[in-house]
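# Residue-level structure breakdown
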Amino acid sequence: MRIAPSILSADFANLEAELRTISSSDLIHVDVMDGHFVPNLTIGAPVVARLQEITTVPLDVHLMIENPERWAGSYAETGASSVTFHLEAATNPKEVISQIRSSGSKVGIAIKPGTAFEDVSGLVEFADMLLVMTVEPGFGGQGLIESVIPKITQAREFIKAQGLEVSVQVDGGVGLANIANLARAGADTFVAGSAVFSELNRNDRIAELRLLAESI
Ligand code: DX5
Ligand code: ZN
């Protein structure tokens, strides 16, 4: 069970100090938004590269951008541990996968709440992680869409039946109230933005979330 705080909820004017407050994270989730694939804009590869230099926690980059064929490789070259692109944004997902891999990062494929698992199932064997979005991508602090939960189980059962070693990540609206249920449904990697950054002691919150996820 891995907890990945999303820095979308951090103070963007003080990222170095903010990263120090989440030192016990398993991964640091970095949301990259281009203002096109989603109606919000965050940071690009130069900032991700600097974040990589100031932390020893692996970076988990979530690309919410159009044309990942053009850009995914440059995020992998920052040294990020994993780079996740959206299936809906890719015209040639296998090309994106090979670019990320050849730059040395692990590969994640994300699907939005409205995208069926069947649309991505043929690619799961080529990925290290499947990101099942539990909100519409674009903004932190939204409520989890409960109707997505069966898709988490569907993904986990498929991965198990195929004998694959692929992580199932959930992102959006994850917190103390639902993390155990998400773990029970089959998720093993949990992104939490507002649930971590709203707390004064973030490492305590990370420990609480991890304990709940592992309590199943
Ligand atoms: C949403 C982002 C999420 C977001 C989660 O598009 O991909 O990573 O930061 O924030 P919370 O945990 O507040 O829903
Ligand atoms: Zn994200």
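This section reports on the structure supplied with the text. None of these values were measured; they are calculated from a predicted model. (Residues numbered from 1 in each chain as written. Chains lettered and ligands numbered in written order. Predicted model: local features only at pLDDT ≥ 70, side-chain atom pairs only at ≥ 80, totals over all residues. Heavy atoms only, no water.)

A word on the sheet that holds strand E3 (residues 59-64). Strands sit in the order E1-E8-E7-E6-E5-E4-E3-E2 across an open sheet of 8 strands; the sheet is parallel. The open sheet has two edge strands with one neighbour each: strand E1 (2-5) and strand E2 (28-33). With strand direction ignored, the average angle separating the axes of adjacent strands in the sheet is 25°. Across 4 bridges, E1 lies against strand E8 (residues 189-192) in parallel orientation. From the neighbouring strand, Arg 2 faces E8, where its bridge partner is Thr 189. Sitting on the sheet, helix H3 (residues 68-76) is in contact with E2, E3 and strand E4 (82-86), with an inclination near 165° to E4. (Pairing = 2+ DSSP bridges. Helix = DSSP H or I, 4+ residues; strand = E, 2+ residues; numbered from the N terminus. Axes fitted to C-alpha atoms, helices over the stretch in contact; angles between N-to-C directions. Contact = heavy atoms within 4.5 Å.)

Summarising burial for E2: 6 of the 6 residues are buried, a large majority. Side chains Ile 28, Val 30 and Val 32 of E2 all project onto a buried face; the interleaved residues His 29, Asp 31 and Met 33 project onto the opposite face, where all are buried too. (Buried < 20%, exposed > 50% of the residue type's maximum accessible area, 1.4 Å probe, protein only.)

Next up on the list: the coordination of the zinc ion (ligand 2). The coordination sphere of the zinc ion (ligand 2), as far as protein atoms go, consists of His 29 (NE2), Asp 31 (OD), His 62 (ND1) and Asp 171 (OD), spread over 2.1 to 2.3 Å. Seen from the zinc ion (ligand 2), its 6 donor atoms lie at angles of 71 to 172°, and the figure they make is octahedral. Along the chain, the residues donating to the zinc ion (ligand 2) fall in the pattern H-x1-D-x30-H-x108-D. In this pair, Asp 31 sits in strand E2 while Asp 171 sits in strand E7 (residues 167-171), placing the two residues 140 residues apart along the sequence. Judged by relative accessible area, Asp 31 falls into the buried class, the value being 6%. (Donors = N, O, S within 2.8 Å, 3.2 Å for Na, K, Ca; no water. Tetrahedral: all angles 85-135°; square planar, octahedral: opposite > 155°, others 65-115°.)

On their own, these measurements won't tell you what the molecule is for.
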